Amino acid sequence: MDSFINNTFYEIALLILLASGVGLVGLALRQPLVVAFIAVGILAGPGVLGIARSGEYIDLLAQMSIAVLLFLVGLKLDVSLVRTLGPVALATGLGQVAFTAFFGFLICLALGIDWLTSVYIAVALTFSSTIIIVKLLSDKREIDSLHGKIALGFLIVQDIVVVLAMVILSAVGVGIGEEGGTGDVVWVLISGMLTVAGVALFIRFVATPLLDLVARSPELMVIFAVGWAAGLAAIGDWLGFGKELGGLLAGVSLASTQYRDAIGSRLGSLRDFLLLFFFIGLGSSLELGTLGAQVGPAIALSLFVLIGNPLIVVAIMGYMGYRKRTGFLAGLTVAQISEFSLIFMAMGVTIGHVADSAMGLVTLVGLVTIALSTYMIVNSHHLYDLIEKWLTPFERRVPFREEEDGAPGDASSQYEVVLFGLGRYGGEIGKRLIEHGHSVLGIDFDPEALRTWRSQGFDGTFGDVTDPEFLSHLPLTNVKVVVSAVPRATTALTDADPIQALLHGLKSLGYTGQIAVAMHTPTDVDALKVEGADIVLTPFTDAADYAVTALEHLLHPSEAPA
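The notes below deal with the structure included here. (Residues numbered from 1 in each chain as written. Predicted model: local features only at pLDDT ≥ 70, side-chain atom pairs only at ≥ 80, totals over all residues. Heavy atoms only, no water.)

### Looking at the overall build of the protein
Quick note on the threshold: What counts as a helix is a DSSP run of H or I of at least four residues, what counts as a strand is a run of E of at least two, and both are numbered from the N terminus. Note on classification: 1.4 Å probe, protein chains only; a residue is buried when its accessible area is under 20% of the maximum for its type, exposed when over 50%, partly exposed between these limits. What makes two residues a contact is simply this: any of their non-hydrogen atoms within 4.5 Å. The protein chains shown are the only cover counted for residues, whose accessible areas, like all others here, come from Shrake-Rupley with a 1.4 Å probe.
Along its length, the protein carries 25 helices and 6 strands. Every one of the 562 residues in the protein was classed for burial, and the buried ones make up 50%. Taking as baseline every contact in the protein between residues at least 6 positions apart, the subset at least 24 positions apart corresponds to 75%. For the protein, the accessible area works out to roughly 26,100 Å², and carbon and sulfur atoms hold 65% of it.

Right under this line is the structure:
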């Protein structure tokens, strides 16, 4: 067996297969791959199986993963980003970071941790995983909901804080890590400013025309993106301001181009593959014997992240005029720490500011918070129902942010049709009903879809079909038909089926009108009719029937009606 493991190729192959197996277990437990990857590192480390022996090669792949990860973060940081962030994203993002950092620092001091390590841990606790949150919200079809939009906004604010923290940490590292002292610091500052100036010129004159050429081949675009990320990371390391900032600048340099989303989507899988080796390296370096002493502090800090972070978001959003439900669902997205927390701590270990034991502590907090917050987000609606009454102090008497511009509870507004879902299908249904003289209230949880609907002069409001409290405020007295054109979730991670929630909610409210629901697949038509749906619309089947009728007229023109 030793001769097998001593072959680097065999070792890497075995690590990838082990990661696949542990990943399947994590998938069955509905856990993000980050948890599985760290577990692989622990299993492969010297304390258990002893597979991970080629530290130099694993470290090389880990450094590539950080360069690609920060490149993808930089891709999101368009120069116009700050102007597009809404006040709620800025206030919530900065408020949560300040709250977590301040009280996290005090908790660390109370646990007997020295002040410098406490600063590092407190800052690490402020970062939440954009990768995990986007995946969970996408699986639950809530990425375009109001709370999803707000969560993504303050996660971007956190990414900006990550950038600033790493800039500061790189500068500190330069100041203490070189024998040349002040001269080296001045050189790094000058070279850094020249690099930033070069990137600005690249953005202004080169980025778009270069990518216009590269984008002719999707394969070449991927190769160029990875080469650009690794190249600037290498330059950053050579000049002294770090591979991390070099990779970040590479992403920023392409963020203003029209190709950034295409590049980001194509590099996502490569990022996940390379991050495997970062977490393998991290897990294999943990001393299992010393982790036992960190369990107590890890539990205390994990409870702080799991409970304190969501509560501060609920409080800030409630003060700004959002309902407690919106604040709670958005707040759950910050109930964990991220891969950046571990990268940040790793930088501190490299500089010599913190010990490996602090890295182990933050890793334990990451494992606990990521694992538990995943279940909290997956079951967010049920969890809200359980603690709703305790959140009332965090909601204004009038949550004006969600009741402005023609709230659904306005008794003076009477509608024949209430339409949930203003996407392509639902929006067209609504417009045609209005053209036929019917009054329609459009409802959607996607602010962009609602804005488009309202821009056409139609009545609409924010709303979530799975929210029974929202349904209770609808003006249903004279409504003849309630229509749902909301896509039905098809993933196992969704804990609230919008169609089921609507049917049950309307029934509990005593609604006596007609109900029409849209289904992309007609498999549950009979069951939905039993549960209260009067009409089940099947867009694809209906469109196919219409198309066949039109084609029959072409095939048999003599049978066409005069």
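### Remarks on the pairing of strand E5 (residues 514-518)
Stated formally: For two strands to be treated as a pair, DSSP must find at least two bridges joining them.
Counting buried positions over the 5 residues of E5 gives 4, a clear majority of the element. The pairing of E5 with strand E6 (residues 535-537) spans 3 bridges and is classified as parallel. Paired with Ala518 across the two strands is Leu537, which belongs to E6.

### Considerations on the sheet that holds E6
We apply this condition: Axis lines are fitted to C-alpha atoms, over the contacting stretch for helices. Their N-to-C directions set the angle, which ranges from 0 to 180 degrees.
Pairing in this open sheet of 6 strands is parallel, and the strands run E3-E2-E1-E4-E5-E6 from one edge to the other. Looking at which strands have only one partner, the edges of the open sheet turn out to be strand E3 (459-462) and E6. Looking at each pair of strands side by side, their axes are set apart by 20° on average, direction ignored.

### So, the pairing of strand E1 (residues 417-420)
Here is the rule: Note on handedness: a crossover is taken as right-handed if, strands pointing away from the viewer, the path from the first strand over the helix to the second is clockwise.
The alternating pattern of E1 places Val417 and Leu419 on one face and Val418 and Phe420 on the opposite face, and all of these are buried. Of the strand pairs in this sheet, E1 and strand E2 (residues 440-444) are connected by 4 bridges, and their pairing is parallel. Bridge pairing in E2 places Val418 opposite Leu441. At this point the chain moves from E1, through helix H20 (residues 424-435), to the parallel E2, and the crossover so formed is right-handed.

### Examining the environment of Thr100
Of note, Thr100 is situated in helix H6 (residues 87-110). In this structure Thr100 comes out as buried when scored by relative accessible area, which is 0%. For the pair formed by Thr100 and Thr126, sequence separation is 26 residues and the distance between their alpha carbons is 5.6 Å. Among residues more than four places away in sequence, those in contact with Thr100 are Phe105, Ala122, Leu125, Thr126, Phe304 and Asn309.

### A few points about the packing of aromatic side chains
Where we set the bar: For Phe, Tyr and Trp, rings pair up if their centres lie within 6.5 Å, where Trp contributes its six-membered ring, and each pair is then called stacked (planes under 30 degrees apart), edge-to-face (over 60) or tilted (otherwise).
Under the criterion given, the structure shown has 12 aromatic pairs. Aromatic pair Phe99 and Phe103: ring centres 5.0 Å apart, planes at 45°, arrangement tilted. Pair noted here: Phe99 and Phe103 are both in helix H6, with a separation of 4 residues, about one helical turn. A ring pair is formed by Phe127 and Phe344, whose centres lie 6.0 Å apart and whose planes are at 85°; its orientation type is edge-to-face. Separated by 217 residues along the polypeptide, Phe127 in the loop between helix H7 (115-124) and helix H8 (130-139) and Phe344 in helix H17 (residues 339-351) bring together distant segments of the chain. Looking at Phe127, the relative accessible area reads 1%, which means it is buried.

### Observations regarding the pattern of salt bridges
Inclusion rule: Salt bridges are defined as contacts in which a side-chain nitrogen from Lys or Arg sits within 4 Å of a carboxyl oxygen from Asp or Glu.
As enumerated under the stated definition, the model contains 6 salt bridges in all. Across the pair Glu416 and Lys480 runs a salt bridge whose closest N-O atoms are separated by 3.6 Å. Residue Glu416 is found in the loop between helix H19 (380-387) and E1, and its partner Lys480 is found in the loop between helix H22 (468-472) and strand E4 (481-484); the two are separated by 64 residues along the sequence. Since its relative accessible area comes to 52%, Lys480 is described here as exposed.

### Describing the nonpolar core
Counted only if it meets this: Here the nonpolar core consists of buried residues drawn from Ala, Val, Leu, Ile, Met, Phe, Trp, Tyr and Cys, with membership extended through side-chain atoms lying within 4.5 Å.
Core analysis: the largest hydrophobic core is formed by 109 residues, its most contacted members being Ile121, Phe279, Phe340 and Met345. The contacts of Phe340, once residues within four sequence positions are left out, are Leu69, Leu70, Val73, Phe127, Asp159, Val162 and Met166.

### Quick look at the packing of helix H15 (residues 295-319) against helix H16 (residues 324-331)
What counts here: In a left-handed crossing the near helix is turned counterclockwise from the far helix by less than a right angle, and in a right-handed crossing that turn is clockwise. Three categories are distinguished: nonpolar for Ala, Val, Leu, Ile, Met, Phe, Trp, Tyr, Cys and Pro, charged for Asp, Glu, Lys and Arg, and polar for the others, with Gly belonging to the last.
Axis separation between H15 and H16 bottoms out at 8 Å; the angle between their running directions is 145°. Pair H15 / H16 crosses with right-handed handedness. The segment H15 lies against H16, with Pro310, Val313, Val314 and Met317 engaging Thr326, Gly327, Phe328, Ala330 and Gly331. Each residue belonging to the contact of H15 with H16 can be placed in one class, and the counts come to 6 nonpolar, 3 polar and no charged.

### Focus on the environment of Lys324
Residue position: Lys324 is located in helix H16. C-alpha separation for the pair Lys324 and Arg396, spaced 72 residues apart in sequence, amounts to 8.6 Å.

### Describing the environment of Pro539
Topologically, Pro539 is positioned in helix H25 (residues 539-555). According to the relative accessible area criterion, Pro539 is buried, its value standing at 13%. Sequence-wise, Pro539 and Met519 are 20 residues apart; in three dimensions their C-alpha atoms are separated by 7.2 Å. The residues contacting Pro539, other than those within four sequence positions of it, are Tyr425, Met519 and His520.

### Considering a nonpolar patch on the surface
Operational definition: Distance thresholds for patches are 9 Å for like charges and 5 Å for nonpolar side chains (Val, Leu, Ile, Met, Phe, Trp, Tyr), applied to residues having over 30% relative accessible area and no salt bridge.
Side chains of Phe102, Phe103, Leu106, Leu109, Trp115 and Val119 sit close together on the surface and give an oily, nonpolar patch of about 580 Å² of accessible area. For the nonpolar patch, the secondary structure elements donating two or more residues are H6 and H7. The biggest single contributor to the nonpolar patch is H6, with 4 residues. Examined against the element boundaries, Trp115 turns out to sit in helix H7.

### Overview of the packing of H15 against helix H18 (residues 356-378)
Note the threshold: Any angle between 65 and 115 degrees counts as roughly perpendicular, while under 35 counts as roughly parallel, over 145 as roughly antiparallel, and the rest as oblique.
Two numbers describe how H15 lies on H18: the axes approach to 9 Å, and their chain directions differ by 40°. With respect to H18, the element H15 is oriented oblique. Read as a crossing pair, H15 and H18 show a hand that is right-handed. For the pair formed by H15 and H18, the contact residues are Val295, Pro297, Ala298, Leu301, Ser302, Val305 and Leu306 on the first element and Leu361, Leu364, Val365, Val368, Thr369, Leu372, Ser373 and Met376 on the second. Partitioned by chemical class, the residues of the contact of H15 with H18 number 12 nonpolar, 3 polar and no charged.

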